[in-house]
Amino acid sequence: MRTLSLGQQASLQATFGPRVSFDASERVLYAHDLGSIPSLVKPLIGDTMPHALVQPTSEAEVVSLVRWARQEGIPLVPRGKATSGYGGVLPVRGGIVVDFRRMTGLVSVDRDALTARVLPGTVWRFLDADLQKQGLTLRLYPTSYPSSTVGGWLAQGGAGIGSYSSGWFRENVVSARVVLPDATAREYSGADLDLVSDAEGITGLITEVTLRVKPDAPVAATAVRFESAEALQRCLQDVAANELPIWSVSFINPTMADLKNKAPEKVLHDLPHQSPPPIPVAYIALFAYPAERAEVAPALAASAAGSGGTVLDQVIADHEWEDRFNLLKVKRLGPSLVPTEIVVPVEHLGAALTELQTKIEHPMVIEGVLAREASGGYEAVLLGFIPHDERTFGFNLAYGSAVTALKIAKAHRGRAYSTGIYFTGEGEAVLGTDRLARLREFKSRSDPQSLLNPGKVLHGGAVASALGLAQRIEPLIRPFANAAKSPVGERPTQGEVAGMPGDVAWYSYACSQCGYCVDECDQFYGRGWESQSPRGKWYFLRQVQEGKAKWSQKWVDTFTVCTTCELCNVKCCLGLPIEPSWMKMRGKKLHEEKNMTLPAFEMMAAAMNAEGNIWAAYRKDRTDWFPKHHLAKHGPGTKAKNVYFAGCTASYVEHDIGMGAVELMDAAGVDFTYLGEQENCCGTPMLVAGKWDIFAETMSKNIAAVKATGADTVIASCPACDTMWRHAYPEWARKLGIPYDLKVKHYSEVVTEK
């Protein structure tokens, strides 16, 4: 186990306080990225466990950290959101992971120059939102826009949405401030940015980026269907030749279209969150352009027709545009993915796509984006995935298909997309001979100990050598890779896996680790470490299944403190049922195994058992809030078809909620009664606390109390109470064999109807 000395730990704690962690269970969550590494490849990479985690808040702290690390001879590994699968954030020599999550925000905007200064940990979608407040927007952004960072994309390099008009990200950066290996800060611009972009932090840690922006304007989208890759290529070349004012061009292959149709819908409370329109199983190109340019749509239709394509219904185009960040949804069908990412000139696109489909005998899904080259031509970046299962030995063999894809790209004058740890042997093709030589010279001169992100870009070690060898013997590898088939589709184990429900075990591997859930999670942003995020919990559950982690009270608490707000469910690109899965784990760990819950829940449970509420108040005082002038008409004991269920908070704390609801419903002519002292807490706290016996007993009492009035409808004003009566009670009533035929409405619905 990698550890720092007590003196080193004390030094870091003195500087960073709670923003440093030496916890082994936390550090393991920073020892990986988005990619799933085959078991036979992992030994070639070695131990990636960091010694410590640090979250600086300023450039001055980064300078201090680099100076300290240089004195101690300890490597530093920068980390944005770890949304790439190239291994750039893997601490292959241990050291300290420098997590930039606290260095975020838009520093300033120059409206005349159309530039913005941004801190490195800023997530693209938050930056875009801040720019839009000032009438500006991004010129381009990665397809991981909901979670990836500005500094991370500059360090990784790449193209994305908007690259058709704006080129590669490097061309849109004006300057970058970097803390160098000698602990000095310097601003790079012009040709010197070649020492920063695509360098994965081996030359310095990025602390600020100045990038070009543009005026904000509505965007329109047109989707076109093609039956062949050649027809797709013809259209793309025709659009380019006609110099249409297109901002972004992306496309998917037929397999991607097919599996997007088959991917499970996102569901909230057993109801579809959205019902996407089915898309044709064909090559589908998506063109985005300024909505004000009315001439583009008919010009695209003409180009499509001339190339053998068909313009699709606008409903499909609009959905595909809104869905442009969710390509990883097909991972749910794996539950793992074999990835590949290559670049080919657009004039070779049709042949390359056809050869990929022919030589790789797996269902490979592909998403492509077009990027303008500095020379004026266009390149296609192809991101491909093969649904597979990393828990099987065949996953090791199927990974050989990534080598086949790279060889196909090279045969069509293409290259690898990036270097990272795996493709350092492709550095000359990715970066160019002169630029690679310049990086080598700078690195050897400024960082002879190779303390800044060692093992990346220039020297990938055993794994890069193995991939180089694999390319040379690719014809021998391909038959084995093609033979290692895996079923496509969700197939969770029935029963339990490693002490967890089978579906939860499946979802833990299906989670793409994309990070879309992270910044939305109030448990995470209140604490700031990966263990507190949904993706961190999913990864922990994988580790449990693999025998690499064990449950502790700390981890039980980590699952218990989730507020169940369900924003993660909404943001998840796979539509995983995250909050329901945590509820199942609470049932296992708290209800069944009787691990301790949080102290506050124990106090609530005692109050529930004694007085029927969570506020430790007396049952006899439950009706004190009820307006006296409405007692005769709506008070306890009156008969009506509707029961107003006020809940604990309105009854004991926020009286105005209950009083306002009663006054509004009476004024609207709603006929209702009130349970009074027969009303109990809805039970939400006991459900989320894993105290399911108390929840079930409370629910049974409430259902019986409502039925005793002769009512058939429950009206709630509290959202938690509404959720219980509308969703949890019917489910639990079925489990317990309790007849449940009650209708549920929120008081706003009832008043609106009147």
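Residues numbered from 1 in each chain as written. Predicted model: local features only at pLDDT ≥ 70, side-chain atom pairs only at ≥ 80, totals over all residues. Heavy atoms only, no water.

**Student:** Give me the lowdown on the overall build of the chain, citing residues and values where you can.
**Tutor:** A tally of regular secondary structure across the chain gives 32 helices and 26 strands. Here the C-alpha atoms of the chain give a radius of gyration of 29 Å, agreeing with the 27 Å that 2.2 N^0.38 yields for 754 residues. Overall, the C-alpha framework of the chain stretches about 90 × 70 × 60 Å when taken along its three principal axes. Taking the contacts inside the chain whose residues are at least 6 apart along the sequence as the reference set, 76% of them involve residues at least 24 apart. In the form shown here, the chain has an accessible surface area of approximately 28,800 Å², with 54% of it arising from carbon and sulfur atoms. Where the 77 positive side-chain charges of the chain centre and where its 82 negative ones centre are 4 Å apart. (Helix = DSSP H or I, 4+ residues; strand = E, 2+ residues; numbered from the N terminus. Rg over C-alpha atoms; globule rule 2.2 N^0.38 Å. Contact = heavy atoms within 4.5 Å. Areas by Shrake-Rupley, 256 points an atom, 1.4 Å probe, with all protein chains shown as cover. Lys, Arg positive; Asp, Glu negative; His and termini not counted. Charge placed at Lys NZ, Arg CZ, Asp CG, Glu CD.)

**Student:** Outline helix 31 (residues 719-736), supporting the account with residue identities and numerical values.
**Tutor:** Counted at 1.5 Å a residue, the expected span for helix 31 with its 18 residues is 26 Å, and the 24 Å between its end C-alpha atoms agrees. Of all the bends in helix 31, the greatest, near 45 degrees, is centred on alanine 728, and the proline proline 730 appears no more than four residues after it. Every buried residue of helix 31 is listed here: Cys721, Asp722, Met724, Trp725, Ala728, Tyr729, Pro730, Trp732 and Ala733. Of the surrounding elements, those touching the buried residues of helix 31 are strand 23 (642-645), helix 29 (684-688), helix 30 (692-708), strand 25 (713-716) and strand 26 (743-746). The first or second residue beyond helix 31 is glycine 737, which carries a positive phi of 75 degrees. (Expected span 1.5 Å × (residues − 1). Bend = angle between axes of the 7 residues up to and from the residue. Buried < 20%, exposed > 50% of the residue type's maximum accessible area, 1.4 Å probe, protein only.)

**Student:** Any chance you could break down the environment of alanine 199 for me, citing the residues and the numbers?
**Tutor:** Note on placement: alanine 199 falls in the loop between strand 9 (185-189) and strand 10 (205-215). You can call alanine 199 buried: its relative accessible area is 0%. The spatial distance from the C-alpha of alanine 199 to the C-alpha of asparagine 453 is 9.7 Å, given a sequence separation of 254 residues.

**Student:** Please give an account of the sheet that holds strand 4 (residues 96-99) that cites residues and values.
**Tutor:** On the basis of which strands lie adjacent, the open sheet formed by 4 strands has the order 1-2-4-3 and mixed pairing. Each edge of the open sheet is held by one strand with a lone partner, namely strand 1 (20-21) and strand 3 (76-79). Bridge count for strand 2 (residues 52-54) against strand 4 is 3 bridges, and the pairing is parallel. Each bridged residue has a counterpart across the sheet, and for leucine 53 the counterpart in strand 4 is valine 97. (Pairing = 2+ DSSP bridges.)

**Student:** Residues and numbers for the pairing of strand 6 (residues 115-118), please.
**Tutor:** Two elements, strand 5 (residues 106-110) and strand 6, share 4 bridges in a ladder whose sense is antiparallel. Looking at strand 6, one finds that serine 108 is bridged to arginine 117. Sheet topology note: the strand 6/strand 10 ladder contains 4 bridges and is antiparallel. Within the sheet, the bridge partner assigned to valine 118 lies in strand 10 and is valine 209.

**Student:** For a nonpolar patch on the surface, give the residues involved together with the corresponding values.
**Tutor:** Residues Leu40, Phe393, Leu397 and Phe480 make up a contiguous nonpolar surface patch of roughly 420 Å² in combined accessible area. As for its placement among the helices and strands, leucine 40 is situated in the loop between helix 2 (24-27) and helix 3 (42-45). Overall, leucine 40 belongs to the exposed group, its relative accessible area being 52%. (Patch = residues over 30% accessible without salt bridge, like charges linked within 9 Å, V, L, I, M, F, W, Y side chains within 5 Å. Salt bridge = Lys/Arg side-chain N within 4 Å of Asp/Glu carboxyl O.)

**Student:** Let's hear about the side chain of arginine 535: which residues, and what values?
**Tutor:** Residue position: arginine 535 is located in helix 21 (residues 534-545). Residue classification places arginine 535 among the buried residues on the basis of a relative accessible area of 2%. In terms of polar contacts, arginine 535 uses its side chain to reach the backbone carbonyl oxygen of lysine 81, at 3.0 Å. Within the structure, arginine 535 has its side chain in polar contact with the backbone oxygen of glutamine 513 (distance 3.0 Å). (Polar contact = N/O pair within 3.5 Å; in protein donor to acceptor, adjacent residues only side chain to side chain.)

**Student:** Would you mind going over unusual backbone geometry in detail, with residue names and values included?
**Tutor:** Geometrically, the link from glycine 334 to proline 335 is a cis peptide bond, its omega value of 15 degrees lying close to zero. Within the secondary structure layout, proline 335 lies in the loop between helix 11 (314-322) and strand 17 (336-345). Although it is not a glycine, glutamate 243 adopts a positive phi angle of roughly 55 degrees. With respect to the secondary-structure elements, glutamate 243 resides in the loop between helix 8 (229-241) and strand 12 (248-252).

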